[in-house]
Amino acid sequence: MSEVRTLKVALLGCGNVGAQVARILIDDAEDLAARTGARLELGGIAVRNLDTERDVELPRELFTTDAETLVKDADLVIELMGGIEPARTLIVTAMQNGASVVTGNKALLAQDGPTLYEEADKAHVQLSYEAAVAGAIPIIRPIRDSLSGDRITRVLGIVNGTTNFILDQMDSTGAQFADALAEAQRLGYAEADPTADVEGHDAAAKAAILASLSFHTRFALENVYCEGITAVSASDIAAAKEAGFVIKLLAIAEKVQGSAAGNGGEGVSVRVHPTLLPREHPLAAVHGAFNAVFVEAENAGELMFYGQGAGGTPTASAVLGDLVSAARRVVLGGPGRTETTTGHVPPLPIDASSTSYYIGLDVADQPGVLARIAHIFAEHGVSIEILRQTIHRDAQSNVESAELRIITHRASEAALAATVEAVKGLDVINSVTSVLRVEGV
Ligand code: NAP
């Protein structure tokens, strides 16, 4: 083999993902050099605690707690520490020193992406983050590169494995949310503090990243409407199932045109919420902790990307892909163009989006109730597609009540909210048990 260049790689973090990245860099060094055109030499690994036992046996002399010195002496930096600081400062320092950076840090990108992309542009280096959305699944580069000659109209993603596992458990066993969460924690799919997952925050960070790439406009976390899955009940799941639907937590980014956008032009609605999907929709077949992203583009049509959304080794695959690609560009000279922000489409508030809705109502079992409810829906321009009624008798009071399950045709969020408010005002309504959005119909 003729003399090849050596590129020094600094690794920040040696946890679930970092340890696997270090292993692959060492074990597959020959292959990586052949694919890159340069040797990728692991120059050092920054960690918090030098005495922590690692998942992988690695040379002790590689470890340091001095991350700053490590990044200043690297051609390529891989950030797998997580969190905002010191990750942000180290990434900026690395780029200002001329290193391209690979990261899996969705929380940082959703919060500070625009500043970091600008720093990368200024320093003429690359910032890559395939691992930040849906783990091993190649989705960033397909959207950014493969579909850059098309126009994406909508992205629907199951991008959080924990919530998909919980909803899937509820769907297959009839369990309540709390029991399904406990099972997810027992099996290691949910953390002891599951807030970021079950409240939708993790999915919202990924939605901001997907929307930014898909619509060539920078969207931040504050542009994402977010609703988690804690209020989804076993009876919602059962009713959805009976009507031929499954409930999934979706990250959605879609272009909204015309008057629906509220400004007569166009905008992008970016949101995360529990969503009813027809059982025959490709995303309905995504079970357990798996992830999938469904992309709709004007010319390509419908595309689906499916695979493992987390885990040390699968995520390391995405990190290594970015690293090889960044290294190739260093070898060829220059970072090339990464993302474009020429779209200028405004983010829209949730009120500007429109979908079908599923509404659960607990009502008094009296004559004329259905007609009064249907009248309110019609008054607000929300048309009912499916209405199902189940009668219950309270064993103690012997009072009968009815559970109504309504699925509407597509309606605006504002019209639906007004309808629900008006329905709540009826004396025959005991409670509105759920309001969920439906996609894919
Ligand atoms: P992790 O297991 O918690 O590992 C974090 C590593 O960073 C540890 O080795 C830790 O050192 C080191 N570290 C943390 N703070 C540090 C500091 N201030 N200075 C030096 N080192 C520090 O995390 P992970 O699961 O590998 O995730 C890493 C990143 O990848 C996160 O941004 C995460 O969101 C993203 N990601 C993870 C997955 C996944 O499946 N795990 C999937 C997609 C994306 P010590 O070991 O000494 O404490």
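Residues numbered from 1 in each chain as written. Predicted model: local features only at pLDDT ≥ 70, side-chain atom pairs only at ≥ 80, totals over all residues. Heavy atoms only, no water.

Asks: Looking at this structure, I do not really get the site of the ligand. What am I missing?
Replies: In the vicinity of the ligand there are 21 residues, among which Cys14, Val17, Asn49, Arg54 and Gly311 approach most closely. Cys14 has a polar backbone atom sitting 2.8 Å from an oxygen atom of the ligand. Within the backbone of Arg48, a nitrogen or oxygen atom sits 3.0 Å from an oxygen atom of the ligand. In isolation the ligand offers 900 Å² of accessible surface; the protein chains occlude 78% of this area. Taken together, the residues of the shell around the ligand break down into 9 nonpolar, 9 polar and 3 charged. (Near = heavy atom within 4 Å. Polar contact = N/O pair within 3.5 Å; in protein donor to acceptor, adjacent residues only side chain to side chain. Areas by Shrake-Rupley, 256 points an atom, 1.4 Å probe, with all protein chains shown as cover. Nonpolar A, V, L, I, M, F, W, Y, C, P; charged D, E, K, R; others polar.)

Asks: Please explain the side chain of Arg405 as it appears in this structure.
Replies: Within the element layout of this structure, Arg405 appears in strand E16 (residues 400-408). Using a relative accessible area of 11% as the deciding quantity, one classes Arg405 as buried. Among the polar contacts made by the side chain of Arg405, one reaches the side chain of Ser235 at a distance of 3.3 Å. Ignoring sequence-local partners within four residues, the contact set of Arg405 consists of Ser235, Asp236, Ala239, Tyr358, Ile359, Gly360, Ile386, Leu387, Arg388, Thr433 and Ser434. (Helix = DSSP H or I, 4+ residues; strand = E, 2+ residues; numbered from the N terminus. Buried < 20%, exposed > 50% of the residue type's maximum accessible area, 1.4 Å probe, protein only. Contact = heavy atoms within 4.5 Å.)

Asks: For this particular structure, what's the right way to read the packing of aromatic side chains?
Replies: Any pair of aromatic rings gets described here by the distance separating the centres and the angle formed by the planes. What the rule picks out here adds up to 3 aromatic pairs. Note on Phe290 and Tyr306: the rings are 5.2 Å apart at their centroids and 5 degrees apart in plane angle, and the pair reads as stacked. Placement of Phe290 in strand E11 (residues 290-297) and of Tyr306 in strand E12 (residues 301-308) is noted, with a sequence separation of 16 residues between them. The exposure class of Phe290 is partly exposed, given its relative accessible area of 32%. (Phe/Tyr/Trp six-rings, centres within 6.5 Å; stacked < 30°, edge-to-face > 60°.)

Asks: Can you help me understand the pairing of strand E4 (residues 76-79) in this one?
Replies: Residues Leu76 and Ile78 of E4 are buried on one face, and the alternating residues Val77 and Glu79, pointing to the opposite face, are buried as well. Pairing geometry for strand E1 (residues 5-12) and E4, over 4 bridges, is parallel. Of the residues in E4, the one forming a bridge with Val9 is Leu76. The pairing of E4 with strand E5 (residues 100-103) spans 4 bridges and is parallel. What sits directly across from Leu76, in E5, is Ser100. (Pairing = 2+ DSSP bridges.)

Asks: Honestly, the domain arrangement of the chain in this entry has me stumped. Any pointers?
Replies: Frequently, the measure chosen for interface size is the accessible area removed from exposure when the parts meet. Structurally, the chain comprises domain 1 (5-135 + 313-332), domain 2 (140-310) and domain 3 (353-438). Taken together, the 17 residues of domain 2 in the interface contact 13 residues of domain 3. Interface area for domain 2 against domain 3, summed over the two sides, is near 1300 Å², with a carbon-plus-sulfur share of 57%. Linking domain 2 with domain 3 are 2 salt bridges. In this structure, Arg405 engages Asp236 in a salt bridge whose closest nitrogen and oxygen atoms are separated by 3.8 Å. Here domain 2 and domain 3 share 5 residue pairs in polar contact (both at pLDDT 80 or more) between them. Going through the elements one at a time, helix H11 (234-242), strand E9 (245-257) and strand E10 (266-278) are the ones with two or more residues in the side of domain 2 that touches domain 3. Considering each element in turn, the side of domain 2 that touches domain 3 owes the most residues, 6 residues, to E10. Of the residues belonging to the side of domain 2 that touches domain 3, the class tally is 7 nonpolar, 4 polar and 6 charged. (Domains from an automatic or database assignment. Buried area = accessible area lost by both parts, 1.4 Å probe. Salt bridge = Lys/Arg side-chain N within 4 Å of Asp/Glu carboxyl O.)

Asks: What is the right way to look at the sheet that holds E1 in this model?
Replies: The strands making up a sheet associate through hydrogen bonds between their backbones, and the pairing can be parallel or antiparallel. Strand order across the open sheet formed by 6 strands is E3-E2-E1-E4-E5-E6, with parallel pairing between neighbours. Sheet topology places strand E3 (63-64) and strand E6 (127-128) at the edges, where each strand pairs with a single neighbour. Contacts between helix H1 (residues 16-27) and the sheet are confined to E1, strand E2 (38-46) and E4, with E2 contributing the most and set at about 145 degrees to the helix. (Axes fitted to C-alpha atoms, helices over the stretch in contact; angles between N-to-C directions.)

Asks: Just to check I follow, could you spell out the side chain of Asp112 for this structure?
Replies: By the element assignment, Asp112 lies in helix H5 (residues 106-123). Residue Asp112 is classed as buried on the basis of its relative accessible area of 11%. Once residues lying within four places of it in the same chain are set aside, the contact partners of Asp112 are Ile84 and Arg88.

Asks: Explanation requested: the packing of H1 against helix H12 (residues 312-332) in the structure shown.
Replies: Two numbers describe a pair of packed helices, the interaxial angle and the distance between the axes. Relative to each other, H1 and H12 sit at 60 degrees, their axes nearing to 8 Å. Judged by the inter-axis angle, H1 sits oblique to H12. For the element pair H1 and H12, the recorded crossing hand is right-handed. Where H1 approaches H12, its residues Asn16, Val17, Gln20, Val21, Arg23, Ile24 and Leu25 are matched on the opposing element by Gly312, Thr313, Thr315, Ala316, Val319, Leu320 and Leu323. Residues of the contact of H1 with H12, tallied by class, amount to 8 nonpolar, 5 polar and 1 charged. (Parallel < 35°, antiparallel > 145°, perpendicular 65-115°, else oblique. Left-handed = near helix turned anticlockwise from the far one by under 90°.)

Asks: Explain the environment of Ala120 to me, please; I cannot follow it from the model alone.
Replies: Along the chain, Ala120 turns up in helix H5. Sequence-wise, Ala120 and Ala94 are 26 residues apart; in three dimensions their C-alpha atoms are separated by 9.7 Å. Residues within four places of Ala120 in sequence aside, it is in contact with Met95, Val125 and Leu127.

Asks: Before we go on, may I ask you to explain the nonpolar core in this structure?
Replies: Taken as a class, soluble globular proteins show a tendency for nonpolar side chains to be buried jointly. Formed by 79 residues in total, the largest nonpolar core has its most connected members in Val77, Leu127, Ile139 and Ile166. No other element matches helix H10 (residues 201-214), which puts 8 residues into this core. Other than its neighbours up to four places away in sequence, Ile166 contacts Phe177, Ala180, Leu181, Ala184, Val198 and Ile229. Grouped together as the second largest cluster of nonpolar side chains are 33 residues, Val56, Leu323, Val324 and Ala326 included. (Core = buried A, V, L, I, M, F, W, Y, C linked by side-chain atoms within 4.5 Å.)

Asks: Just checking my understanding: could you explain the pairing of strand E15 (residues 384-393) for this structure?
Replies: Two faces make up the sheet, and in a regular strand the side chains alternate between them. Sheet topology places E15 next to E16; 9 bridges connect them, and they run antiparallel. Bridge pairing in E16 places Arg393 opposite Glu400. Following E15, the chain reverses through 6 residues before pairing antiparallel with E16; Asn398 in that reversal takes a positive phi of roughly 65 degrees.

Asks: How do you make sense of helix H13 (residues 369-379) when you look at a structure like this?
Replies: Given 3.6 residues to a turn, an α-helix orients residues that are three or four positions apart in the same direction. Within the span of H13, buried status applies to Val369, Ile373, Ile376 and Phe377. All buried residues of H13 lie within an arc of 100 degrees about the axis, which places them on one face of the element. Turned more than 90 degrees away from the buried face of H13, the exposed residues are Ala371, Ala378 and Glu379. Among the residues trailing H13, Gly381 stands out with phi positive, at a value near 75 degrees. (Arc of directions from axis to C-beta.)

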